[in-house]
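# Examining the three-dimensional arrangement
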Amino acid sequence: MTVTSRSNAGPLTVLVSTRAVLTLPDDSLLLSPATISISPATGKIITIVPAVLPKTSFPLSTTYVNYGSKLLIPGLVDAHVHLNEPGRTEWEGFSTGTRAAASGGVTTVIDMPLNAIPPTTTLAGFKVKLAASQGQCWVDVGFYGGVIPGNANELLPLVEAGVRGFKGFLIESGVDEFPAISSQDIELAMKTLNGTPTTLMFHAEMIPPISDSVGDSVHASDPPLAPHGDLTSYQTFLESRPPSFETYAIHKIVSLAHLAPSLHLHVVHLSATQAIPILKEARKSGIDITAETCFHYLGLAAEGVKDGDCRYKCCPPIREQLNQDGLWEELTAPDSCIRTVVSDHSPCTPELKLLPPHLQTIEAPHMHHSDSGIDMTADLARQEEEKQEEKQGVAKQAGDFFASWGGISSVGLGLPILYTSAKKRAESGSESVPNIVDIVRLCCAATAKQVGLSHRKGALKVGMDADICVFDDAEEWVLYSAGMHWKNRCSPWEGKGFSGRVKATWLRGRKVFEYGGINDGFVSGKPVGEAIVEKRFA
C-alpha cells in the first residue's frame, strides 16, 4: 500500500509499531499494529492504518520512525498534579514539574488549585497562575479551580475562564490560604455549579463526630490528641487516619448530591476500600459520582513502610496490602466506581519531610526560586516566615509522621508503576490485573473525559492531538535520585525496580522527550506546552 495523496498536503511525520493501543469509532480500545500519520503543521493525527506500512509508502520528505515492537499509546493525562507556582516554587514549578511529566509519557497535566500562592480560588488568582506558566511548560497544562468558604461568586467566572473542574477539602488542607469547606459551603457550590459542564471534586476525609486520634490538619499538624504510639511509627500515623474518615466524608457528599442532579461529582485520591460500596450504591441510585485512586495506593503498602520514613506520608494514607488488593479488584470490575488513576504529585522540599539522618541522601539541586520570571514576593516572604517560625518554635523531631509534610512525588512515573505492579500481580496468580489496554483506559481516555478534553486528548484516533507515548515494556530498570526530573529528588519510589520505560514522548506531533537524547532527553530544546484555557463543554 502506498499513501499517494492527502487532503492536507504538507510536512508529514509517520510513527509505526507492531503494537499500538488505538481508539475505534465507538471509543472502544484495540491493541493492533499501526501506522500513524501526523501533520506537524496542525499537531493532529491525520490517518491511522492498522498495519505497519513501509517507509516507501510515503513521500521522500516524510519523517518516518519505526518503533518496532515498542508500545505506542496515547500520551497520559494526569488529572491530579500540584505544580505550586507561583508562591511555593521551592517545592515545584511549571518547568520542572512538566519536564518530569514529559519524561514519563504524560502529555497533559491538570494543576490543582493549591498549593500556589495565590490559590486558584478567584479569577484574579487564575490570571496570576496563567501568567506564571507562560513559556515554561514542557507539556500541555490545564487547571482546576478551588472551592473555599466565601468564594461561591467566583465559581461561574472560573468556568467561563476555562478551568477543568473544582476541588474542595472536607478537612483542613494544611495551607492557610485554602481552608476546608462546611456542609453549607458544599450545598452552595453544588447549587451554583449544577447544570454546568464541570466536575466538583472533594478531598473526602472528615473527622467523625467521635474521634480521639488525630488532629484536623491533612498534611501537617502538631501531635494529635492522645496518639496511641510513637509519632515516628507509621502504624501510629495509619491508625490516626482510619477508613472511617473517608467513609464519613463520602456519606456526607452523597447525602447532598440531590441538590445537584446535573453535576458530575468526583472523589479524589480514594484510599479506603470501605468507601467503594457507598459509591457503588450512590451510582446505582442515579447519582453521577466517580472516584480516582493513585499510583502509590496501588504500588505501595503499609507493611513496607519503615518507621521514620516520611517519604511515604500522604493523606489519605497508604493502607495495608489487603486494602490495596481491594483497589486492584475494583479497577477491573465491570461496574467499577474507580474510573481513573492519577499521581497526586504533591512535592515539597526535602527538609519538610523531616527524614532521619540515615535517609537524608537526597540530591536537591540548588535553584533560585524565580522560575516564572514574574513577581516572586510571595515565595521570598514565605521563606522568611518559615525561618522565623524555626527560630521561635521547638525543633521538629526527625521521622515524625505527624509533623512532616504529606505528599508523594511521582509525576511521570505512573506508567512504570502501574505496569510493574500489574505484572507482579499477574506473576503471583492474581486475576484482577489490568492489561495495557486497561491502563490506557484508566490513565488516558478516562482522565481526558474527567476534565472535558476527550475531544482532543487521551486517544490515538484521527483528528486528535498527536500526543503519543512510546513505551518499552521489556526494559528493566531502577529509579535512582539522578533519574528524578521533578525539582526535589525526594520520593518513596527511589531504589525501586520497574518493568517498562518510556522511551519517547510526542506532544502535538513534536517529539519533546527521548530517553538518552540530547539535553538530558528533552530534545525539543525548549518548552512547547500550552496552557489549556478553552471553555469546557462536556
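Just so it is clear, the model here is predicted, and its values are computed rather than measured.

With that settled, consider the confidence of the model for the protein chain. Confidence along the protein chain averages 91 in pLDDT terms, with 88% of residues attaining 70 or more. Within the model, the stretch residues 1–7 combines pLDDT values under 50 with twelve contacts to residues more than four positions away or in other chains. In this model residues 211–226 is a low-confidence stretch, pLDDT under 50, and it forms 47 contacts with partners more than four residues away in sequence or in other chains.

As a further point, take the packing of helix α9 (residues 321–331) against helix α11 (residues 414–427). For the pair α9 and α11, the least separation of the axes is 13 Å and the interaxial angle reads 100°. One way to sum up the angle between α9 and α11 is to call them roughly perpendicular. Note on element contacts: α11 touches α9 through Leu-418, Ser-421, Ala-422 and Arg-425, opposite Gln-321, Gln-324, Asp-325 and Trp-328. Taken together, the residues of the contact of α9 with α11 break down into three nonpolar, three polar and two charged.

Moving on, we come to empty space enclosed by the protein. Counted according to the given criterion, the structure contains four cavities of 30 Å³ or more. Put simply, the second largest cavity is a space of about 60 Å³. Here the lining of the second largest cavity gets three residues from one element, more than from any other, and that element is strand β6 (residues 76–81). For the lining of the second largest cavity, the per-class residue count stands at eight nonpolar, three polar and one charged.

We now examine the environment of His-80. Positionally, His-80 belongs in strand β6. Counting along the chain gives 263 residues from His-80 to Ser-343, while the straight-line C-alpha distance between them is 6.2 Å. Of the polar contacts made by the side chain of His-80, one reaches the side chain of Asp-344; its length is 2.9 Å.

The next subject is helix α7 (residues 276–284). Taken as a whole, α7 has its buried residues at Ile-276, Ile-278, Leu-279, Lys-280 and Ala-282. Where α7 is buried, its residues contact α6 (243–256), β12 (264–267), β13 (289–294), α9 and β14 (338–342).

Calculation rules
- Residues numbered from 1 in each chain as written.
- Predicted model: local features only at pLDDT ≥ 70, side-chain atom pairs only at ≥ 80, totals over all residues.
- Heavy atoms only, no water.
- pLDDT = per-residue confidence, 0-100.
- Contact = heavy atoms within 4.5 Å.
- Axes fitted to C-alpha atoms, helices over the stretch in contact; angles between N-to-C directions.
- Helix = DSSP H or I, 4+ residues; strand = E, 2+ residues; numbered from the N terminus.
- Parallel < 35°, antiparallel > 145°, perpendicular 65-115°, else oblique.
- Nonpolar A, V, L, I, M, F, W, Y, C, P; charged D, E, K, R; others polar.
- 1 Å grid on protein atoms, 1.4 Å probe; cavity = no way out; pocket = protein on both sides within 12 Å on 5 of 7 lines; lining within 4 Å.
- Points joined across faces, edges and corners; volume = space filled by probe spheres on them.
- Polar contact = N/O pair within 3.5 Å; in protein donor to acceptor, adjacent residues only side chain to side chain.
- Buried < 20%, exposed > 50% of the residue type's maximum accessible area, 1.4 Å probe, protein only.

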